[in-house]
Structure formats: C-alpha cells, structure tokens
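Residues per chain are reported as follows:
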Amino acid sequence: MTVTNELDGLKRGSAAGHSAEQADWLAEAAELAGFDPTDDGGEFGGPALGQPVVAVVGRPNVGKSTLVNRVLGRRAAVVEDVPGVTRDRIAYDATWNGRRFTLVDTGGWEPDASGLAAQVSEQARAALDTADAVLFIVDVVTGATDADEAVARVLHRSGLPVILVANKVDDLRFEADAAALWSLGLGEPHPVSALHGRGSGDLLDAVLAALPEAPREVFAETTGPRRVALIGRPNVGKSSLLNKIAGSRRSLVDEVAGTTRDPVDELVTVGGQQWMFIDTAGLRRRVREASGAEYYSSLRTASALEAAEVAIVLLDAGEPLTEQDQRVISMVVDAGRALVLAFNKWDLVDEDRRLTLEREIVHDLGRVAWAPRVNVSARTGRATDRLAPALHTALDSWGTRVPTGRLNTWLGEVVAATPPPPRGGRVPKILFATQAGVRPPRFVVFTTGFLEPTYRRFLERRLREDFGFAGSPISISVRVRERGDRRRPS
C-alpha cells in the first residue's frame, strides 16, 4: 500500500479510524521525507541488453576515454593526461539519432607489453570477442606507430567492421596528418577532436552505418537485474571476487593497490538469478583528500554506489578493521543503500584471528550489527553461494513498508512500556507515526516535544527487533508540534 492509498483511507475515516488531522500529518510526513507518492516501487533499471556493441581500442593516451565521454555527453570515464589511466573494459549505454548501442572503453593496447600492461592489453583484445564494430583510435600528432600497425593487423584478422579514428585533429592544420593514416589499410580515417567535439557527429553516423540494426531509444525503463556495488578499501579482493563469481578474468587483478580505476559492470548469475555487479576503485582516503586519477576514481565509486541498490562492503578478514573500513561502511549507510558485509580471505584466517575479529566486529561495527555478514574467499570461491540469500534479505528489508495502523498500534505498546524521558520537566507525548518512504525505510514521528537521541535509537532498535529490516538502514525523523496545531512549519 502506498502513502497515497493510506491517505485516501484515512480521509474516508477508514483503516484504523484515524482523524482528518492525522491524515494531514501523514501528508506532511510524505512531503517532508521526500517520498514520491507516484513511486510504484519498481526496480532500478540495469544496462540495456541485446543492443549492438562498439569496442573503443588503441594504444595508451590516444584519447579513447575522452572520446567515450564526448559520445556519452558526460564525464563518465576517468581521464588524466598520463597514459594507462583506463585499465579494465568498461561498458556504457550510448545513443545517437534515437538509436541505442553499447560503448566499451578499454585500456591501452600494447602488443609487446608485459606485467600489468599485458593484462590491460588482453582486456582490450577480449573486447573484440563481444563487439559488433570497432573504433580504432590513432593520435595524429604522433602518427601511426609500430604498435598501431600491430593492432591494425589484429583488427584486419578479426573480420569486424573497423572505423579508423584520427584523433586530436583540433583544426585544419592536422587534416593532412589524418589522411596519412590510410597507410594502415583500414579504410578512410575519420578526423575528430575528442576534446573539442570536432567531427564527432560524422563519426557517430559512420558507427551506426557499420552496426547491425540498433534498437530504438526507450525511455523510462524500470526493469532489469538488481544492481550490486562491490566497494571497500584497496587490495581487499573486490576484483578477485567479481572474477570468481563471473567465472572469468573480467577485472584486472594485481598485487599493487589501486589497479581498478573505473567502475566495472558485469552481469553475473548468483543463486540462480542474474545480478549486475559493479566493481569499484578502492577507497583509500576521503574524496576531498584524493588527487589526480584517484580523485576521479573516488567520484566514480560514489556515483556507482548511488546507482546501486545494495552494496557489498568487502573487508579483509586477515587484517584489523581500519578507520577507512568504517568510513566506507558509513558511506553506504549515508547513501541509504542496503548493506551486506563480506569478510574476504577467510581461508587464510586461523582460530586466534577469528576470535580477535569477533571482538573487533562487536567494538567497531556495532552500529551496523543489522547488516548480514558472509565469510568468503575470492581465491577459492568459499561461501560465494551465500551472497545471494544475504542480498535478497537486505533488498527485501530495503523495500519493506509497515502499514500505518499496524505501526501506530506497535508504537502505542512500546511507548506505554517505555515512555520517552522528560525534557525540561515535561514528558513529550508521541501523537502519531507513519512510514513516509522506502528504499530505505523512512519513518516520521509527530510529538509534542523533543525526543532525545537515545530514545530515537531505542525506537530504531525496537523497530528492527519487531519488524526486521536486516540489511537496510532506516531513519526516524521527529516533527514537534502541539496537539491540534495543524499549521505547517515555516
């Protein structure tokens, strides 16, 4: 039942026989809590499926991510004036002339690379396996290098339509340099300036011409897999866990902290259901204290959390809980997202560490004792099958609504047994309460006086004991007014 339905019932004098004054309070609660009465509780939409895919490839620092941002019309990909910022394959939904397609940004492709750079190049090569067309970016200022020619040979053999992009053609002086790229044997070079947008429209027309029939743009899609953000500080195993669940090397993994830069979306099956997992960059400090690529990665992580419905906060079970771990958890709670705690590297934890960890959890994580906890191992796959039940529990709580009549009956019993403490010699009376929203659950309590924070925490604890809400933050706001006072606050 939505707030609108409850309002109609209250105004007709039905439901629990509440007064018209209480109906006004309910309407005010919905407005104050920011609840949209037209919200039908539909699921968040995931990336569109079944649309053509365009892979953006090229050697490092030729402007691939800048071009991706230009096509998307926003700064979605992390960009910095140094090579090697993008490392994983990152998929984005794009549209042009009312047609939809998926744009896959990749890291720099260096055929003779080694170490981490070789893994980045392999991710770029892997993008061809799912692509319907390729945007091959070449820097006209540098010209075609040996690495460009090596990549061009691979693209020749792929059999895919290749659109050759001569980037950094900022004015007519570089047009001749763009024409020189005919030597790569990939057809006509398309001169563009990803930074300034020059030639991008003609390029996108060429992209649509090379793609199979792209679906029409659809607005207000509300269905799709539930979105799960994997977050935590660096090197706790987020990318390793995603790779284990996905059954492939979807995200780059390296012993060096900070390997992941952009959020990586991957559609995976857990517990017989499809989920959209989002691997994010490790948060090593507050966003305002970061700089360079780390700063933009932190912003992308925050945006990925906002776009998700539930977050799995990954913690290293083998190390003491840190202030940064607690800061990441607070970030999820403040964002109002459902929460699951996953303690990784459990296969390496001995009995002594487990006892110490339990004490740390009680001491440091008592404020999120309501969050489901799963002990996993990204290396061995231990207990990863338990993530799905924990996610379902958290999401069910996140969308739980308590009917107004039942809520007030419960509240009357709680207050009768434990009245609020007096303030200034007077005991405040609790007049009425309603749940003004979900995702997360938000409650508004109307009283005749201020409620102490300790009593609010007591109400939250009793709410959880009697109604559940495991895995979801809840908020309780108080509106102080005298009985019979129906004026809205200024």
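Residues numbered from 1 in each chain as written. Predicted model: local features only at pLDDT ≥ 70, side-chain atom pairs only at ≥ 80, totals over all residues. Heavy atoms only, no water.

1. So, the pairing of strand 8 (residues 264–270)
The buried count for strand 8 comes to five of seven residues, which makes it a mostly enclosed element. Two elements, strand 8 and strand 9 (residues 273–279), share seven bridges in a ladder whose sense is antiparallel. Note on strand 9: the bridge partner recorded for Asp-265 is Ile-278. The hairpin turn running from strand 8 into strand 9, its antiparallel successor, is two residues long, and Gly-271 in that turn takes a positive phi close to 65 degrees. (Buried < 20%, exposed > 50% of the residue type's maximum accessible area, 1.4 Å probe, protein only. Helix = DSSP H or I, 4+ residues; strand = E, 2+ residues; numbered from the N terminus. Pairing = 2+ DSSP bridges.)

2. Quick look at the packing of helix 13 (residues 404–417) against helix 14 (residues 453–467)
Following both chains from N to C, one finds helix 13 and helix 14 inclined at 120 degrees, their axes separated by 12 Å at the closest point. Viewed along their axes, helix 13 and helix 14 adopt a mutual orientation that is oblique. At the point where helix 13 passes helix 14, the crossing takes the right-handed sense. Here Arg-406, Leu-407, Trp-410, Leu-411, Val-414 and Val-415 of helix 13 lie close against helix 14, whose contacting residues are Tyr-455, Phe-458, Leu-459, Arg-462, Leu-463, Asp-466 and Phe-467. Among the residues forming the contact of helix 13 with helix 14, the class breakdown is ten nonpolar, no polar and three charged. (Axes fitted to C-alpha atoms, helices over the stretch in contact; angles between N-to-C directions. Parallel < 35°, antiparallel > 145°, perpendicular 65-115°, else oblique. Left-handed = near helix turned anticlockwise from the far one by under 90°. Contact = heavy atoms within 4.5 Å. Nonpolar A, V, L, I, M, F, W, Y, C, P; charged D, E, K, R; others polar.)

3. Digging into the sheet that holds strand 2 (residues 90–96)
Here we have six strands laid out as an open sheet, ordered 2-3-1-4-5-6, and mixed in their pairing. Every interior strand has two partners, whereas the edge strands, strand 2 and strand 6 (190–191), have only one. Packing against the sheet, helix 5 (residues 146–158) makes contact with strand 1 (53–57), strand 4 (133–139) and strand 5 (162–167), and its axis sits at approximately 165 degrees to strand 4. Along the sheet face, helix 7 (residues 200–210) touches strand 1, strand 2, strand 3 (99–105), strand 4, strand 5 and strand 6 and points at about 170 degrees away from the line of strand 5.

4. Regarding the confidence of the model for the protein chain
With 76% of its residues at a pLDDT of at least 70, the protein chain reaches an overall mean of 80. Contacts of residues 1–18 to residues separated by more than four positions or lying in other chains number 28 contacts, the stretch itself having pLDDT below 50. The low-confidence segment residues 216–222, where pLDDT is below 50, has 14 contacts with residues more than four positions distant or belonging to other chains. (pLDDT = per-residue confidence, 0-100.)

5. With respect to the sheet that holds strand 13 (residues 430–437)
Strand order in the open sheet formed by three strands is 13-14-15, with mixed pairing between adjacent strands. Bordering the open sheet on either side are strand 13 and strand 15 (475–480), each of which pairs with just one other strand. The mean angle between the axes of side-by-side strands here comes to 20 degrees, regardless of whether they run parallel or antiparallel. Across six bridges, strand 14 (residues 442–447) lies against strand 15 in parallel orientation. Among the inter-strand pairings, Arg-442 is bridged to a residue of strand 15, identified as Ser-475. Contacting strand 13 and strand 14, helix 13 crosses the sheet at an angle of about 140 degrees to strand 13. Most of the contacts of helix 14 go to strand 15, to which it runs at about 130 degrees, and overall it touches strand 13, strand 14 and strand 15.

6. Points about empty space enclosed by the protein
Inspection of every chain in the model, using the stated rule, returns one cavity of 30 Å³ or more. If you add up the space inside the largest cavity, you get close to 60 Å³. Together, Leu-407, Trp-410, Leu-411, Ala-433, Phe-443, Val-445, Leu-459, Leu-463 and Ile-476 line the largest cavity. At the level of elements, helix 13, strand 14 and helix 14 are the ones that each hand at least two residues to the lining of the largest cavity. Considering every element that reaches the lining of the largest cavity, the biggest residue donor is helix 13, with three residues. (1 Å grid on protein atoms, 1.4 Å probe; cavity = no way out; pocket = protein on both sides within 12 Å on 5 of 7 lines; lining within 4 Å. Points joined across faces, edges and corners; volume = space filled by probe spheres on them.)

7. Side note on helix 3 (residues 64–72)
What sets the pattern is the α-helix's 3.6 residues per turn: residues three or four places apart point alike. Most of helix 3 is tucked away: seven of the nine residues are buried. Among the residues making up helix 3, those that are buried are Lys-64, Ser-65, Leu-67, Val-68, Asn-69, Val-71 and Leu-72. Residues of helix 3 that are buried make contact with strand 1, strand 2, strand 3, strand 4, strand 5 and helix 7. The positive-phi residue at the C-terminal boundary of helix 3 is Gly-73, with phi of around 80 degrees.

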